[in-house]
Amino acid sequence: MTSVEQIKSRLNIADVVQGYVKLQKAGVNFKANCPFHQEKTPSFFVSPARESWHCFGCSRGGDMFSFVMEIEGVGFLDSLKILGLKAGVEITPLDRKDKGEKEHLHELMDSAKKFFEARLKEDSRVIDYLKSRGVTGETAKKFGIGFAPLGWRNLHDFLKLKNYSGLEMEKAGLTIKSSGPQGSGYYDRFRNRIMFPITNSSGLTVGFSGRIVPWDAEAEKAGKYINSPQTVLFDKSKLLYGFDKAKTEMRKQDMCVLVEGQMDVVMSHQAGIENTVAVSGTALTHEQLNLIKRLTQNIVMAFDKDAAGIGAASRGIELAFENGFDIKIALVPLGKDPADTIKEDASKWKEAVLGAVHAIDFYLSVYQDRKSIEKNVLPYIAALPSEIEKSRWIKKVADKLEASEEAVWEEIKKIKKNSGSRAQAAGGRNIPTESHPKKTRRNLLMDRLKGFIIWQDKTEDKELKELFDKAKNDFNFKEEDFKESLALEAELLYSGSESLLTEAQAIIKEIEKDGIKEKLEETAKKIKKIELQKSDGEKEELNRLIGDFQTLMKKLNQL
Ligand SMILES: [Zn+2]
């Protein structure tokens, strides 16, 4: 038996789901309000017999592994680990030595976090400072905020007593090696700093960000904040501060609120906006966008309206647009960050998030003249992957500048020609499409059809059998496409139907319609391109495409 089979034989899918969602009995199945989209009546079903789950609201579904992947926001290997632990099935690590070291360092980091937390409790000055910033005790506990006292070897000596070596502490980024005339030794990296643990997506501490206490003017020269260096555990370009605490709400709200500082995250959660995360002292990266993309395609960024802030975020916005995100801007009062705003009046921050405007609308309100719009707004439009989205914004820009849409299209084309995609030129690459959480409608319908075929695998109906064979052939289905977990949706949808044949035919018709619509969109794109070039030599090609378009329209209407 493989690990997957072993785990499936030992665990009941209803128990696994029940660990995250309260289930109600519904005949032989269970139902619940879907954890992946917001709803008031249950459309999320779990079938122990089929070992699968399906939601009719958001069309997600699969087996226990895909459920854990979705709800924990992790990849397949991690879902295997999580369920393996639950089932008591040992998952052989890919590299034993590597894993051993990591686990050891995780324990070390956890000890350090507890050490800092205990020191915070002893120091009333630091507690008073946090209170003055508006942080409650409960919030400090939730985020594991601590304190690294003044001194060179406080943490070092504590960890030494726990039998960790200086080398291990250095590997974890907690100490720095010194070599002076008296010989070499290790000293604490974080001294006299308020400590914010940085966790990975499963909530394990992998690094720290330390903020200098405000009364230590001398140390401020080393930087108001210092972060852990890159270690085996810590790579700040792949982490988002607060992600493990925000992921459930991010998925539920279908939105991620992105801020700049740790204090902004802490205060935003305290104000009830628990889908808030921050980048830790980096520009937004592909890896970070990938983390978000598993849960939502919608990002709200906080800005005050000063030019520096707007400029600094622009790279990240362009990258996010390129990767299919929808970006909105929440405006906070000038010169304030979200943390200050919340301390003064939490409702102001909530209003800002709820009233966030689309980033391109925002930029169109900031920039007025043609030159600055061309320079600052058009690159974002050029970065949008959808032609339909693009044309929507181009129309807006054309209206604002009182120019023709064609002229704006021309400018957009220049941007693409000049720099390719600017983010790509800067060393970026596209997020692989398999991490895309939203399947196309066509793919969803294909899955439904596959599920139907598995469900009625042993049908005696000759016509139905023929239809299945034809569909398998027409759509190029392969044996491995037929996953048992797909059958649940069909069973729940069609088990009471009068004619299964009619139902199956209807699904196939919808798939064909969608295929034609895709072709129509492609043809329309090509026509638009040729029309913009306005070259006479392309006349024939243009006529051919228009002919294709009309034929496709006719086909669509006949279906
Ligand atoms: Zn759902």
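Residues numbered from 1 in each chain as written. Predicted model: local features only at pLDDT ≥ 70, side-chain atom pairs only at ≥ 80, totals over all residues. Heavy atoms only, no water.

Observations concerning the overall build of the chain
Spelled out, the test is: Helix and strand labels come from DSSP, where a helix needs a run of H or I of at least four residues and a strand needs a run of E of at least two; each type is numbered from the N terminus. Any two residues whose heavy atoms approach within 4.5 Å at even a single point are treated as in contact. Residue burial considers only the protein chains on display, and all accessible areas are found by Shrake-Rupley using a 1.4 Å probe. Just so you know, the count uses Lys and Arg for positive and Asp and Glu for negative, and it drops His and the chain ends. Throughout, a charge is located at the NZ atom of Lys, the CZ atom of Arg, the CG atom of Asp or the CD atom of Glu.
From N to C terminus, the chain includes 26 helices and 16 strands. Projected onto its principal axes, the C-alpha positions of the chain cover 85 × 65 × 45 Å. Taking the intrachain contacts of the chain between residues at least 6 apart in sequence as the baseline, contacts between residues at least 24 apart amount to 66%. For the chain, the exposed area adds up to about 28900 Å²; of that, 50% sits on carbon and sulfur atoms. Of the charged side chains in the chain, 89 are positive and 85 negative; the average position of the first set lies 2 Å away from that of the second.

Examining unusual backbone geometry
Peptide bonds are, in most cases, trans, and in most cases residues other than glycine have a negative phi. Here is the rule we go by: Think of it in three bands: with a 1.4 Å probe and only protein chains considered, a residue is buried below 20% of the maximum accessible area for its type, exposed above 50%, and partly exposed in between.
In the Ramachandran plot, Asn-192 falls in the positive-phi region, its phi being about 55 degrees despite a non-glycine side chain. Among the secondary structure elements, Asn-192 is positioned in the loop between β8 (183–188) and β9 (193–199). For Glu-402, which is not glycine, the phi torsion reads 55 degrees and is therefore positive. Relative to the helices and strands, Glu-402 is located in the loop between α19 (387–401) and α20 (405–419). Of the residues examined, Glu-402 reaches a relative accessible area of 74% and is grouped as exposed.

Looking at the coordination of the zinc ion
Heads up, the rule is: Excluding water, the donors of a metal are its N, O and S neighbours within 2.8 Å, or within 3.2 Å for Na, K and Ca, and that exclusion means sites may look incomplete. In this scheme the shape depends on donor count and angles: four donors with every angle between 85 and 135 degrees give tetrahedral, four or six donors with opposite pairs above 155 degrees and others between 65 and 115 give square planar or octahedral in turn, and any other case is irregular.
The coordination sphere of the zinc ion contains the protein donors Cys-34 (SG), His-37 (ND1), Cys-55 (SG) and Cys-58 (SG), at a distance range of 2.1 to 2.2 Å. Considering all four donor atoms around the zinc ion, the spread of angles at the metal, 102 to 118 degrees, places the coordination shape in the tetrahedral class. Here the donor residues of the zinc ion are spaced in sequence according to C-x2-H-x17-C-x2-C. A relative accessible area of 6% places Cys-34 in the buried class.

With respect to the packing of helix α22 (residues 441–455) against helix α24 (residues 487–494)
Pairs of packed helices are described in terms of their axes, by the angle between the two and the distance that separates them. We count it as follows: Working convention: axes come from line fits to C-alpha atoms, limited for helices to the stretch in contact. Angles between N-to-C directions cover 0 to 180 degrees. The scheme is simple: roughly parallel for angles under 35 degrees, roughly antiparallel for over 145, roughly perpendicular for 65 to 115, oblique for anything else. Ten residue types, Ala, Val, Leu, Ile, Met, Phe, Trp, Tyr, Cys and Pro, are classed as nonpolar, four, Asp, Glu, Lys and Arg, as charged, and the remainder, Gly among them, as polar.
Between α22 and α24, whose axes approach to 7 Å, the crossing angle comes to 80 degrees. By the angle class used here, α22 and α24 are roughly perpendicular. Counting all contacts with α22, which are made through Arg-448, Gly-451, Phe-452, Ile-454 and Trp-455, the residues of α24 involved are Ala-487, Glu-489, Ala-490, Glu-491, Leu-493 and Tyr-494. Among the residues forming the contact of α22 with α24, the class breakdown is seven nonpolar, one polar and three charged.

Digging into the domain arrangement of the chain
Heads up, the condition is: Residue ranges for the domains trace back to a domain assignment, done automatically or taken from a database. As used here, buried area is the combined drop in accessible area, with a 1.4 Å probe, of two parts when they are placed together. One speaks of a salt bridge when a side-chain nitrogen belonging to Lys or Arg is within 4 Å of a carboxyl oxygen belonging to Asp or Glu. Here a polar contact is taken to be a pair of N or O atoms separated by no more than 3.5 Å, where protein atoms must pair a possible hydrogen donor with a possible acceptor and residues adjacent in sequence count only if both atoms sit in side chains.
The domains assigned to the chain are domain 1 (3–87), domain 2 (96–234), domain 3 (243–425) and domain 4 (441–558). A C-alpha centroid distance of 33 Å is found between domain 1 and domain 3. Contacts between the two partners involve nine residues from domain 1, matched on the other side by six residues from domain 3. Buried surface at the junction of domain 1 and domain 3, both sides included, amounts to about 730 Å², of which 38% is carbon and sulfur. Between domain 1 and domain 3 we count one salt bridge in total. As a salt-bridge pair, Glu-72 and Lys-247 come within 3.2 Å of each other at their nearest N and O atoms. Counting across the interface, domain 1 meets domain 3 through three residue pairs in polar contact (both at pLDDT 80 or more). Partitioned by chemical class, the residues of the side of domain 1 that touches domain 3 number four nonpolar, three polar and two charged.

Some remarks on the confidence of the model for the chain
Put simply, the rule is: Residue-level confidence of the predictor is what pLDDT reports, using numbers from 0 through 100.
When pLDDT is averaged across the chain, the result is 85; 91% of the residues are at 70 or more. Element-level pLDDT for the chain is lowest in helix α21 (residues 422–425), with a mean of 39, against a maximum mean of 97 in strand β6 (residues 146–148). The model gives residues 418–437 a pLDDT under 50, and that stretch makes 33 contacts with residues more than four places away or in other chains.

As for the pattern of salt bridges
Proximity of charged atoms lets side chains of opposite charge pair with each other. Enumeration over the complete set of coordinates arrives at 27 salt bridges. Note that Glu-491 and Arg-50 form a salt bridge whose closest N and O atoms lie 2.6 Å from each other. Of this pair, Glu-491 sits in helix α24 while Arg-50 sits in the loop between β3 (44–47) and β4 (52–55), placing them 441 residues apart in sequence. We classify Arg-50 as buried; its relative accessible area is 18%.

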